[in-house]
Amino acid sequence: MTTQTIAGVPVEVNDEGFLEQPDQWTREVGAAIAAENGIAQMTDRHWQVVEFMRTTYLEDGSAPSIRTLGKASGVPVKELYQLFPKGPAKLAAKIAGIPKPRGCI
Amino acid sequence: MTHRIVILGGGTGGTIAANRLRRRYDERDATITVVDRNDWHVYQPGLLFVPFGLTHTEDIVRPRGHQLHGGIDYRLAEIEAVDLDTDTVRLDDGSTLPYDVLVVASGAVLLPEETEGLTGPGWGEKAGTFYDVDGASALERSLVRFDGGRVLVNVVDMPIKCPVAPLEFAFLADWYFHERGLREKVELTYVTPLDGAFTKPAASKALGGILDEKGIELVTEFNTGEVDVAGGRLVSYDDREERFDLLVTIPLHGGAPFVARSDGLGDDLNFAPADDHTLQSKVKPNVFVIGDASSLPASKAGSVTHFEGEILVENVQRFLAGEDLDASYDGHANCFIETGFHRALMIDFNYETEPLPGHFPTKIGAPLLKESRLNHLGKLMFQWFYWHALLPGRDIPGVGPDMPTAGKDLPAAAAT
């Protein structure tokens, strides 16, 4: 775990770049993490997903899976992959400042 | 007062829970009712061997009622819904079962229709799954006819029952085609949504190494979005494509359909959320969850269900007595992994400790994370054990619910 300054805010991140403290997050921090991960411009659709992730995490204590996102966020799975290439749930969680969705086993 | 305990599901978890509870309570002190919609108890680890003709479906299916001890009321009915407010279960024959404690043991179901195109023309022939009895039999017929080409073993999404089984299928397919003299004409590829062969790093590396040795190609981070069975194309959400002549797929899993009809009981995949350590439902204190039906971050596997059984029964009894619950379930799982050519390896792990090399359960036991003939014999022996020791709810000598560490090669930091 290291302390980094992202968008002018000192935040604690783990070795994969996920925020350790979700309450250190701001929209600017989210946008900066997005830019670092190849999303130059966060659109309303991006924010819709990120905000859904954050709300769900803060209410339930766990990050939603890609299936939940597809069913409940208002953004279909196919589009999630266009917005957040490769691993939408993982990348959206990183931008949302919440822990990586627990790998199921 | 006579307690009323209702158990939904007569599979591994429901049977273990019912038999163990029956031993704890005299019939005057508790009634135990098990409900299931059919009378076929499948030894699910046996399904892996059916497509290769190594076992037959009639050898792995027994009547559910015969696995339950005397004094357990067994009802064959479809569950309409659970009403958490009135503590009753409604059955499709119109009757209701009031309960003091409910045990949800209804397992997982396959949802192939959730993947676009998967159940279209060719499903059950050119594409299939060995995760249920009919699918495993159909796949045996497809394999017998198969004379070369590209075979994909594909996991659509996690969580799935027995996350090592798809790898075992790939290993056994390599052996099967080798025995038939066809191996050189078959291109075997393992297509997974994970970023490696398995979820946990040490096991992922070891299992990935075995795929490599057997010449099985590994495609990772492939999230299946659509299948064109007739055209032989598996397409990911990010538009990557894998071609096939035979697709062996593990479809999306969900909880039992009645969970969806029971307001508040399940999550969006119909798995029931429960405390990781006590197995008490997060929704209502008089509801407990065992086995594949739960959304616990543990493997959906018989060994997990078996280890959970002891803690579940203890907690049902403590709850009914008004005592504090025992929060000791540690996520312990233990699996044999068939690797073909009469060999297998074993893994043993829990929530905190990933599968490590060493020996099980102590330093003189069976090798962990390493192929051996002993582990293969263990896997074959296990079916006897399942029907005669595990389901009746007997303890296995030397193997308790807590994960043993005595034989494991723990990293220096963890071995404190």
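Note that the structure is predicted; figures quoted are calculated from it, not measured. Residue indices follow the written sequence of each chain, beginning from 1 at its first position. Naming scheme: in the order in which they are written, chains are lettered from A and ligands are numbered from 1. In view of the model being predicted, local features appear only for residues whose pLDDT reaches at least 70, and side-chain atom pairs are presented and counted only at 80 or more, with totals across whole chains, interfaces and linings using the full set of residues.

Chemist: Is there a simple way to explain the nonpolar core in this structure?
Modeler: The nonpolar side chains of a soluble globular protein tend to be buried, and buried together. Take the buried Ala, Val, Leu, Ile, Met, Phe, Trp, Tyr and Cys residues, join any whose C-beta atoms are within 7 Å, and the set you get is a nonpolar core. The exposure label follows from counting other C-beta atoms within 10 Å of a residue's C-beta, where the C-beta atoms are placed from the backbone and the thresholds are 20 or more for buried and 12 or fewer for exposed, leaving partly exposed in between. Grouped together as the largest cluster of nonpolar side chains are 119 residues, with contacts concentrated most on Ile5, Ile7, Leu8, Ala17 and Val103 of chain B. Residue pairs are scored as contacts if the distance between their C-beta atoms, which are placed from the backbone, is within 7 Å. With residues near it in sequence (within four places) discarded, Ala17 of chain B still touches Ile7, Val103, Ala105, Ile290, Gly309, Leu312 and Val313 of chain B. Within the second largest apolar cluster, 24 residues are counted, among which are Ile66, Val75, Leu91 and Ala96 of chain A.

Chemist: Sorry if this is basic, but what is going on with the sheet that holds strand E16 (residues 233-236) of chain B here?
Modeler: Sheets are built from strands paired through backbone hydrogen bonds, the pairs being either parallel or antiparallel. Residue and element names in this part refer to chain B. Here, a strand pair is defined by DSSP locating no fewer than two bridges between the strands. We count a stretch as a helix when DSSP gives it H or I for four or more residues in a row; a strand needs E for two or more, and each element gets its number in order from the N terminus. Strand order across the open sheet formed by three strands is E15-E16-E17, with antiparallel pairing between neighbours. In the strand order of this sheet, the two ends are held by strand E15 (224-228) and strand E17 (241-243), each with one partner. When strand polarity is set aside, the average angle formed by the axes of neighbouring strands in this sheet is 20°. Here four bridges tie E15 to E16, and the two strands are oriented antiparallel to one another. When the bridges of E16 are listed, Glu226 appears paired with Val235. Helix axes are fitted to C-alpha atoms over the stretch in contact, other axes to C-alpha atoms as well, and angles between N-to-C directions run from 0 to 180 degrees.

Chemist: Honestly, the confidence of the model for chain A in this entry has me stumped. Any pointers?
Modeler: Do not read the predicted coordinates in detail wherever pLDDT is low. With 96% of its residues at a pLDDT of 70 or more, chain A has an overall mean of 89. Mean pLDDT per element in chain A: helix H3 (residues 66-72) of chain A is the minimum at 83, and helix H1 (residues 27-36) of chain A is the maximum at 95. pLDDT runs from 0 to 100 and stands for how confident the predictor is about each residue.

Chemist: Would you mind showing me how to read the domain arrangement of chain B here?
Modeler: One frequently used descriptor of interface size is the decrease in accessible area upon assembly of the parts. Residues and elements named next belong to chain B. Source of the domain bounds: an automatic or database domain assignment. Entries for chain B in the domain assignment read domain 1 (3-50 + 59-107 + 256-320), domain 2 (112-252) and domain 3 (334-416). Computed over C-alpha atoms, the centres of domain 2 and domain 3 are 26 Å apart. Between domain 2 and domain 3, the residue contacts involve 13 residues of the former and 12 residues of the latter. Looking at the side of domain 2 that touches domain 3, the elements with two or more residues in it are helix H4 (165-179) and helix H5 (201-213). Three classes are used: nonpolar for Ala, Val, Leu, Ile, Met, Phe, Trp, Tyr, Cys and Pro, charged for Asp, Glu, Lys and Arg, and polar for all others, with Gly counted as polar. Grouping the amino acids of the side of domain 2 that touches domain 3 by side-chain chemistry returns 10 nonpolar, no polar and three charged.

Chemist: What am I meant to see in the sheet that holds strand E2 (residues 30-36) of chain B here?
Modeler: All names here are of chain B. The parallel open sheet is built from five strands, whose spatial order is E5-E2-E1-E9-E20. Each end of this open sheet is capped by a strand with a single partner; those strands are strand E5 (73-76) and strand E20 (287-289). Within this sheet the neighbouring strands show an average axis-to-axis angle of 20°, counted without direction. As judged from the four bridges shared by strand E1 (residues 3-8) and strand E9 (residues 101-104), these two strands associate in the parallel manner. Of the residues in E9, the one forming a bridge with Ile5 is Val101. Contacts from helix H1 (residues 12-24) reach E1, E2 and E9 within the one sheet, and its direction differs from that of E2 by about 165°.

Chemist: Whenever I open this one, the interface of chain A and chain B confuses me. Can you help?
Modeler: Taken together, the contact between chain A and chain B spans 14 residues of the former and 14 residues of the latter. Listing elements by their share of the side of chain A that touches chain B, those giving two or more residues are H3 and helix H4 (77-83) of chain A. Per-element tally for the side of chain A that touches chain B: the top contributor is H3 of chain A, with four residues. The class makeup of the residues in the side of chain A that touches chain B is six nonpolar, three polar and five charged.

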